[in-house]
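Chains, contacts and geometry: an overview
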Amino acid sequence: MTRRIESARVLRNTRITDRLWWCEYEAPVIAASARPGQFAHVLCSAPDQLDPLLRRPLSFSRIEPDLGRVAFLIDTVGRGTAWLVDQQEGSEIDMLGPLGGSFAFQPDRARALMVGGGIGLAPLIALADLAPAEGVQVRLLAGGRDAHQVTPRAWLHSNVEYHVATDDGALGHHGFITDLVQDHFAWSDQIFVCGPTPMMHAMANLTDELTAIHGPRPAFTSLEARMGCAMGVCYSCVVQTTTGPQRVCHDGPVFPQSTLTWTWHHEPTATAPSVG
Ligand SMILES: Cc1cc2nc3c(=O)[nH]c(=O)nc-3n(C[C@H](O)[C@H](O)[C@H](O)COP(=O)(O)OP(=O)(O)OC[C@H]3O[C@@H](n4cnc5c(N)ncnc54)[C@H](O)[C@@H]3O)c2cc1C
Ligand code: FES
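Right, let's talk about the overall build of the protein chain for a bit. Helix and strand counts for the protein chain come out as five helices and 16 strands. The C-alpha radius of gyration of the protein chain comes to 18 Å, within 12% of the 19 Å expected for a compact globule of 276 residues. By the burial criterion, 51% of the 276 residues in the protein chain qualify as buried. Put simply, of all contacts in the protein chain between residues at least 6 apart along the chain, 66% involve residues at least 24 apart. Accessible surface computed for the protein chain: about 12,300 Å², of which carbon and sulfur atoms make up 50%. Here the protein chain contributes 20 positively and 28 negatively charged side chains, and the mean placements of these two sets differ by 3 Å.

Printed below as a string of structure tokens:
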């Protein structure tokens, strides 16, 4: 895997809801090799301040190799993300990437069901961008606590069929995004999921139930984890899989859904066991 530190130039930071931002960068080296599902580890402070010290992982939401550009969908949850969206056009940020493995459409399959909870929509937007060129139809289900957590339709590829659910009912279906899955599962022939861990766990259970009725299809999940190094060195992001402990940053973040045991569910930053 080619990964580089690049000084990325801020092109535009656009506020798209009360809490979500769409941030575009000129980063030609990273854009040349990044794939949907991969992420960048971004320094969220001036290099002479290093506060916060640790980089923050962000999934690519748009990758435009021809233009040398990438974009992130950013939920401003804390100091690092707030600093990032505050950077002015033309300023430079320190970006390490692309990191981790990617999502990919499966051969000889053409109907992708994507399920994103909250900021979990971020990598699915980039994957959906590739669908028309690969002859794949996309139904994208997006859930949020309220309307401010839901990405507006305008930021998605026009070919995407978009369905929304909010916990408070302010937008789309009133309830969880997983409520909508059974309406689309039979149509799908491949599934991609990203979101908060409880939502992804619920989605895995639902996939098992619906597979018993409609038959199996490949399903992939991109996991969230608190990260230190994002280079596979510190073991702060280990999860348990059917093939043993795996590092989300290095072995993931994308995993076949059926390999995840969800046993780390309540302790995402627990002391990591050794990896063989
Ligand atoms: C592989 C990967 C891809 C990601 N992609 C995106 C993305 O595209 N867009 C985006 O906005 N965010 C993404 N995240 C989450 C993002 O990295 C965190 O929200 C960010 O690091 C928070 O930094 P902060 O300094 O703003 O907040 P902090 O001050 O560090 O934390 C603020 C709050 O956010 C929580 N938090 C911090 N990091 C995480 C995390 N990794 N998972 C869950 N909760 C967290 C903290 O517990 C705390 O409650 C991704 C995370 C991973 C692991
Ligand atoms: S964050 Fe260090 S090993 Fe994954």
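Time to look at the pattern of salt bridges. Applying the stated criterion to the full structure yields eight salt bridges. Among the ionic pairs, arginine 12 bridges to glutamate 24, the shortest N-O distance being 3.0 Å. Taken together, the positions of arginine 12 in strand β1 (residues 4–15) and glutamate 24 in strand β2 (residues 20–26) put the pair 12 residues apart, joining distant regions of the chain. For glutamate 24, a relative accessible area of 14% puts it in the buried group.

Turning to the sheet that holds strand β12 (residues 190–194), a few remarks are in order. Read across the open sheet, the seven strands follow the order β11-β10-β9-β8-β12-β13-β16; overall the sheet is mixed. In this open sheet, the two strands that pair with only one neighbour each are β11 (173–174) and β16 (254–256). Pairing analysis gives two bridges linking strand β10 (residues 161–166) to β11, with the strands arranged parallel. The residue of β11 that forms the bridge with threonine 166 is histidine 174. Relative to the sheet, helix α3 (residues 121–130) contacts β8 (111–117), β9 (137–144), β10 and β12, its axis offset from that of β8 by approximately 155°.

Before going further, it helps to spend a moment on the sheet that holds strand β3 (residues 39–42). The strand order across the open sheet built from seven strands is β4-β3-β7-β1-β2-β6-β5, with neighbouring strands paired in antiparallel fashion. Pairing within the sheet leaves two strands with one partner each, and these edge strands are β4 (56–59) and β5 (62–64). Within the sheet, the average angular offset between the axes of one strand and its neighbour, ignoring direction, is 35°. When β5 meets strand β6 (residues 69–75), the two strands line up antiparallel, connected through three bridges. For arginine 62, the partnering residue across the bridge sits in β6 and is alanine 71.

Along its sequence, the protein chain is carved into domain 1 (4–99), domain 2 (111–222) and domain 3 (225–276). Each of domain 1 and domain 2 has a C-alpha centre, and the two are 24 Å apart. Domain 1 puts 17 residues into the contact, and the matching count from domain 2 is 20 residues. Interface area for domain 1 against domain 2, summed over the two sides, is near 1,500 Å², with a carbon-plus-sulfur share of 62%. Counting the surface domain 1 buries against domain 2, the share from its top three residues, Pro36, Arg62 and Leu73, is 29%. Run the count over domain 1 and domain 2 and you get one salt bridge. Here aspartate 129 and arginine 62 are joined by a salt bridge, their closest N and O atoms 2.7 Å apart. There are five residue pairs in polar contact (both at pLDDT 80 or more) connecting domain 1 and domain 2. Going through the elements one at a time, β2 and β6 are the ones with two or more residues in the side of domain 1 that touches domain 2. The biggest single contributor to the side of domain 1 that touches domain 2 is β6, with three residues.

Criteria and cut-off values
- Residues numbered from 1 in each chain as written.
- Chains lettered and ligands numbered in written order.
- Predicted model: local features only at pLDDT ≥ 70, side-chain atom pairs only at ≥ 80, totals over all residues.
- Heavy atoms only, no water.
- Helix = DSSP H or I, 4+ residues; strand = E, 2+ residues; numbered from the N terminus.
- Rg over C-alpha atoms; globule rule 2.2 N^0.38 Å.
- Buried < 20%, exposed > 50% of the residue type's maximum accessible area, 1.4 Å probe, protein only.
- Contact = heavy atoms within 4.5 Å.
- Areas by Shrake-Rupley, 256 points an atom, 1.4 Å probe, with all protein chains shown as cover.
- Lys, Arg positive; Asp, Glu negative; His and termini not counted.
- Charge placed at Lys NZ, Arg CZ, Asp CG, Glu CD.
- Salt bridge = Lys/Arg side-chain N within 4 Å of Asp/Glu carboxyl O.
- Pairing = 2+ DSSP bridges.
- Axes fitted to C-alpha atoms, helices over the stretch in contact; angles between N-to-C directions.
- Domains from an automatic or database assignment.
- Buried area = accessible area lost by both parts, 1.4 Å probe.
- Polar contact = N/O pair within 3.5 Å; in protein donor to acceptor, adjacent residues only side chain to side chain.

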